[in-house]
Amino acid sequence: MSQQPILISILGDQLSLSLASLRDSDRSKAVVLLAEVWDEATYVRHHQAKIALVFSAMRHFAEDLRADGWTVDYVKLDDPANTGSLRGEVERGLTRHNARGVRVTEPGEWRLQQDFDQWSSVLGCLVEILPDTRFLCSKIQFYTWAAARRELRMEYFYRDMRRQTGLLMDGDKPAGGKWNFDAENRSGPPANLIVPAQPQFPPDAITSEVLVLVSARFGDHFGSLDGFAMPVTRANAEAAFADFLENRLPTFGQYQDAMIAGEDFMFHANISAAMNLGLLDPLAVAQAAEAEYRAGRAPLNAAEGFIRQVIGWREYVRGMYWLDMPGMAQANALNAQRPLPEFYWTGDTDMACLADCVRTTLDNAYAHHIQRLMVLGNFALLAGIAPKQVAEWFLVVYADAYEWVELPNVAGMALHADGGRLASKPYAASGAYINRMSNYCRGCRYDVKQKVGPDACPFNALYWDFLARNEAKLARNMRLANPYATWRRMSDEQRAGYRDSAARFLETIKPAPAGWA
Ligand SMILES: Cc1cc2nc3c(=O)[nH]c(=O)nc-3n(C[C@H](O)[C@H](O)[C@H](O)COP(=O)(O)OP(=O)(O)OC[C@H]3O[C@@H](n4cnc5c(N)ncnc54)[C@H](O)[C@@H]3O)c2cc1C
Ligand code: SF4
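What you are looking at is a predicted structure, and each value in this text was computed from that prediction instead of being measured.

Asks: Can you help me understand the sheet that holds strand 4 (residues 101–105) in this one?
Replies: Note on sheets: strands pair through backbone hydrogen bonds, and any given pair is parallel or antiparallel. Taken together, the five strands give an open sheet; going across it, the order is 3-2-1-4-5, and neighbouring strands pair in parallel fashion. Either end of the sheet is taken by a strand with one partner, and the two such strands are strand 3 (71–75) and strand 5 (126–130). Between one strand axis and the next, the sheet turns through 25 degrees on average, direction left out of account. Examined bridge by bridge, strand 4 and strand 5 share five bridges and lie parallel to one another. Among the inter-strand pairings, Thr105 is bridged to a residue of strand 5, identified as Leu130. Where helix 5 (residues 110–123) meets the sheet, its contacts fall on strand 1 (6–9), strand 4 and strand 5, and the angle it forms with strand 4 comes to roughly 175 degrees.

Asks: Even after reading the chapter, I still don't get the site of ligand 1, so can you show me in this structure?
Replies: In the vicinity of ligand 1 there are 29 residues, among which His268, Ala269, Asn270, Asn276 and Tyr366 approach most closely. His268 places a side-chain nitrogen or oxygen 2.7 Å from an oxygen atom of ligand 1. Between ligand 1 and Arg372, the relevant distance is 3.5 Å, taken from a nitrogen atom to a side-chain nitrogen or oxygen of the residue. Here ligand 1 has 810 Å² of accessible area as a free molecule, and 99% of this is covered by the chains. Mapped onto the shell around ligand 1, the elements with two or more residues apiece are helix 11 (272–277), helix 13 (300–324), helix 17 (369–383) and helix 19 (403–414). Looking at the shell around ligand 1 residue by residue, the classes come out as 17 nonpolar, eight polar and four charged.

Asks: Looking at this model, I keep getting lost on the side chain of Thr360. Mind explaining?
Replies: As for its placement among the helices and strands, Thr360 is situated in helix 16 (residues 352–364). Separated by 3.0 Å, the side chain of Thr360 and the backbone oxygen of Tyr366 make a polar contact. Not counting chain neighbours up to four residues away, the residues in contact with Thr360 comprise Asp264, Ala365, Tyr366, Ala367 and Gln371.

Cut-offs applied
- Residues numbered from 1 in each chain as written.
- Chains lettered and ligands numbered in written order.
- Predicted model: local features only at pLDDT ≥ 70, side-chain atom pairs only at ≥ 80, totals over all residues.
- Heavy atoms only, no water.
- Pairing = 2+ DSSP bridges.
- Helix = DSSP H or I, 4+ residues; strand = E, 2+ residues; numbered from the N terminus.
- Axes fitted to C-alpha atoms, helices over the stretch in contact; angles between N-to-C directions.
- Contact = heavy atoms within 4.5 Å.
- Near = heavy atom within 4 Å.
- Polar contact = N/O pair within 3.5 Å; in protein donor to acceptor, adjacent residues only side chain to side chain.
- Areas by Shrake-Rupley, 256 points an atom, 1.4 Å probe, with all protein chains shown as cover.
- Nonpolar A, V, L, I, M, F, W, Y, C, P; charged D, E, K, R; others polar.

Encoded structure:
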């Protein structure tokens, strides 16, 4: 290279050949730096499989880049000179390649954005930070959208995204005459439901080497590496998604909210980890789902339900994250102070629903949306677990967890810690909901039909206790008018029974020892 190159630093969740920092660069005048750093692998004690996934996907992406004509400098975790921090590795890279400056794509997390903002002055060179164009809605577009509204609701944002992308639009009208087919997407699981198996991607040589490294260095983290078979390349991720389109999308809508013990993925796509890493493009994924509908291979309720998650919820929570940070990380509108129960780490609880959701989380670094929201999140909401502790747990345990998507889902959607900015009402539910949507209660030592007492499903008393505890803050919410009316119609004795039962149950919960996360 005749002139000084530019150093393009790429993060572990920026594994897209279309990344802004690559797209605008000349291969002959750039060196791409990818570094596995201790700080990123340990700022929380991530699930072992999550670390393995990211490192393996990074190593495979470096190969893709080389094949695409880029000069790549890859720093492995156990490189003796590795400083352990991103900034440290960029500094070393600048010297090693005598580079004239750094080009990066903006990071997904607030803490890294704060760090990047200092790079120019600390490193003493030009640092160019480009917007992440892998989202359909830019930050500025979201801020503008939000500024024009008194109340922010995903549904209206989603309609704008449909109009913007033309997805499932017939002219200027939504396909099928409705924007949302959610009402058709709430079936509980029938007894004989057959769920197709997940595609498996057994470790190749690169992944096997990473598994040995992760086991040696992070073997005391949550979860296990047994049977690791996640997609780690773009080709793997595309094959996994094609399998979803063919075998699960047609039924995705109907059973979107259903849970079956031991069926860890149900009819969900299981693509969030790959998409958040950059291995799959959200627009392409949504277009492929529409094509299935247009070809008559998937019903509209399924295609629409899936597309809403990808271009609606995913984009909306990212917009909300950047709009409300750093306050979102501190939010605790319901003043929830209880420590996280130990069983979130071990799965050791008699509550069959929670035990199964923690088990799949340990085994797969995955739980599907309803398990996260209506079991794990719902319990934390009802029991009044401190939002920071819950958010940290969710960030640790899922392979798809990055703060931009995890925190708004936890603080906003699951815990109502933002006071209702993201979602109009708390997703609070008693055992009846879990019983309707799953087969968990049949295998549980608690009785979902009993309201109070030592054998009653704990969700039942906790639900009413939650409403009572937060009456001053929530009773004016129109969407909670019915439950509060029911609460007021109860006798003093009934109300005291619920509160007493909840208090007795909460006393039995063992808090997690410090240092788990
Ligand atoms: C408390 C809580 C924490 C969550 N934490 C994360 C997280 O850390 N990372 C993450 O990617 N998702 C998170 N979600 C959203 C959602 O649960 C996962 O995206 C989904 O379970 C991933 O599985 P899937 O790919 O099979 O999704 P599917 O059900 O098949 O949905 C398709 C895609 O839609 C997107 N999507 C669906 N719902 C949401 C949502 N609420 N927010 C953002 N994207 C969504 C995902 O990219 C997902 O891959 C969380 C939800 C809750 C309630
Ligand atoms: S009875 Fe209650 S605790 Fe047991 S599985 Fe059902 S909802 Fe969960």
